[in-house]
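Here's the letter readout for the chains.
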Amino acid sequence: MRKLLLFFTTLFFVCAYSIASLPFNNNLSENEIALLHEGKVLVRNIGSSSKMCLASNNEGAKQFLKDMEALKPSYLAEVIQIRPYKGNEDLPEKLEDTLMDVAEYVGIPYYSEQHGRYFDLYSAAKIISDSMREDGVTRDVKAHLTMAPFGLIDTSIKIVTPGDYVYYITTNENTLYYSEKIKCVKPQKMKSGVLLFRDGDNWILYGAGGVNAIKVVFLEKRIETSFINRIKTFCNFIFEKL
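Every residue gets a number counted from 1 within its own chain, in the order that chain's sequence is written. Confidence filtering applies because this is a predicted model: local features only for residues at pLDDT of at least 70, side-chain atom pairs given and counted only at 80 or more, and all residues used for totals across whole chains, interfaces and linings. Heavy atoms throughout the structure, all of them, feed into the side-chain values; hydrogens and water do not.

Visitor: Talk me through the overall build of the chain; I want residue IDs and the actual numbers.
Guide: Every helix listed is a DSSP run of H or I at least four residues long, and every strand listed is a run of E at least two residues long, numbered separately from the N terminus. Scanning the chain for helices and strands turns up 5 helices and 11 strands. Atoms counted for the radius of gyration: C-alpha only. Globule rule: 2.2 Å times residue count to the power 0.38. Taken against the 2.2 N^0.38 rule, which gives 18 Å for 242 residues, the C-alpha radius of gyration of the chain at 19 Å falls within 12% of a compact globule. Based on the C-alpha atoms only, the size of the chain along its principal axes is roughly 65 × 45 × 30 Å. In this analysis, two residues are considered to be in contact whenever any of their non-hydrogen atoms come within 4.5 Å of each other. Partitioning the intrachain contacts of the chain with sequence separation of at least 6 by distance along the chain shows that 60% fall at a separation of at least 24.

As structure tokens, this is what we get:
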């Protein structure tokens, strides 16, 4: 009995340490924490900002959480990976270059569950304007991204690089229609972001995307799948490119 009690006590403190040693909260399960420690990419379809696992005093992390909470998404997904700092010291520069190479978004392979085959995530991607703010760390980009079945997305991109994090977030500036017929997302109601910051000996790569969508009863599940899978696909593409 004493040995069994000792085992469970030890297991409790190991699990508690595993959570405490990462910038995440108790929304992560033990299995999910184990996957992160193994360096694998963790994907979570969580549906609500209250279920986000990010918990850090990093200013980029706090802004990301604030942006997603304000969105009040109907659909939300997280994509997370931990990488060692040593040997990856130039990861912020690599991430910024990858994110800002908008032309490379064209051709990202996306698997459609509905059709059972691969399509391009974006069929067209073009930067309309690109400027740096006076603070020297915030870059504003306007782009036209074409994504089936939602058509052309008039997209604003903001990337902030103050030194201790890289924060990239996109927002739709136009109304989105499903298959050119059904109004499903109002302007500024779809956001996707990627955050990179250092946590001790690790880099934390954290991606999330959410949509505050208009409910269409007979298409709700299909629209959810379309948005969530596209968010996951984009974040995975960026992580793999690094």
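Moving on from the coordinates now.
Visitor: Describe the packing of helix 4 (residues 91–100) against helix 5 (residues 220–241), with residues and values.
Guide: Think of each axis as a best-fit line through the C-alpha atoms, taken over the contacting stretch in the case of a helix, with angles from 0 to 180 degrees between the N-to-C directions. Where helix 4 contacts helix 5, the two axes come as close as 10 Å, and the packing angle between them is 135 degrees. With respect to each other, helix 4 and helix 5 are oriented oblique. The handedness of the crossing between helix 4 and helix 5 comes out as right-handed. Judged by residue contacts, Leu 95, Thr 98 and Leu 99 of helix 4 engage Phe 234, Ile 238 and Lys 241 from helix 5. Oblique is the label for any angle not covered by the other classes, which are roughly parallel (under 35 degrees), roughly antiparallel (over 145) and roughly perpendicular (65 to 115). Should the near helix be turned anticlockwise from the far one by less than a right angle, the crossing is termed left-handed; should it be turned clockwise, right-handed.

Visitor: Give me the lowdown on the nonpolar core, citing residues and values where you can.
Guide: Of all hydrophobic cores here, the largest spans 47 residues; its most connected members are Leu 95, Leu 99, Tyr 105, Tyr 168, Phe 227 and Phe 234. Excluding its chain neighbours within four sequence positions, the residues that come into contact with Leu 99 are Tyr 105, Ile 159, Tyr 168, Val 194, Phe 234 and Ile 238. By nonpolar core is meant a set of buried Ala, Val, Leu, Ile, Met, Phe, Trp, Tyr and Cys residues that side-chain atoms within 4.5 Å join together. Buried residues are those whose accessible area, probed at 1.4 Å on protein chains only, stays under 20% of the maximum for their type, while exposed residues exceed 50% and partly exposed ones sit between those limits. Core analysis: the second largest hydrophobic core is formed by 27 residues, Leu 22, Leu 42, Met 52 and Phe 197 among them.

Visitor: Can you lay out the packing of aromatic side chains for me, pointing to particular residues and giving the numbers?
Guide: Geometry of aromatic contacts follows a simple scheme: Phe, Tyr and Trp rings, the Trp one being its six-membered ring, pair when their centres are within 6.5 Å, and the pair is stacked under 30 degrees between planes, edge-to-face over 60, tilted otherwise. According to the stated counting rule, one finds 9 aromatic pairs in the structure shown. Each ring, one from Phe 64 and one from Tyr 206, has its centre 5.5 Å from the other, and the planes form 85 degrees; the classification is edge-to-face. In this pair, Phe 64 is assigned in helix 3 (residues 59–71) and Tyr 206 in strand 11 (residues 202–213), connecting sequence segments 142 residues apart. Residue classification places Phe 64 among the buried residues on the basis of a relative accessible area of 0%. Residue placement shows Arg 198 over the ring face of Tyr 85; its charged tip is 3.6 Å from the ring centre. Geometrically, a charge over a ring is one whose NZ (Lys) or CZ (Arg) sits within 6 Å of the ring centre while staying within 35 degrees of the ring normal.

Visitor: Help me get a handle on the side chain of Asn 229, residues and values and all.
Guide: Take Asn 229: it is sitting in helix 5. In this structure, Asn 229 is in contact with Tyr 110 and Glu 113, ignoring residues within four places of it in sequence.

Visitor: An account of helix 2 (residues 30–37) is requested, with residue identities and associated values reported.
Guide: For helix 2, the full list of buried residues reads Glu 32, Ile 33 and Leu 36. What you see down the axis of helix 2 is that its buried residues fit within an arc of 100 degrees, all on one side. For helix 2, the exposed residues lying more than 90 degrees away from the buried face are Glu 30 and Asn 31. Once helix 2 ends, the next one or two residues include Gly 39, with phi positive near 85 degrees. What the arc covers is the set of directions going from the helix axis to the C-beta atoms.

Visitor: Just give me the short version of the environment of Cys 53, but keep the residues and values in it.
Guide: Here Cys 53 is to be found in the loop between strand 1 (42–45) and helix 3. Owing to a relative accessible area of 0%, Cys 53 belongs among the buried residues under this scheme. The sequence separation of Cys 53 and Asn 27 amounts to 26 residues, and the corresponding C-alpha distance is 5.3 Å. If sequence neighbours within four positions are ignored, Cys 53 has contacts with Pro 23, Phe 24, Asn 25, Asn 27, Leu 28, Arg 44, Glu 78, Ile 80 and Tyr 206.

Function cannot be read off these values alone, since they describe shape.
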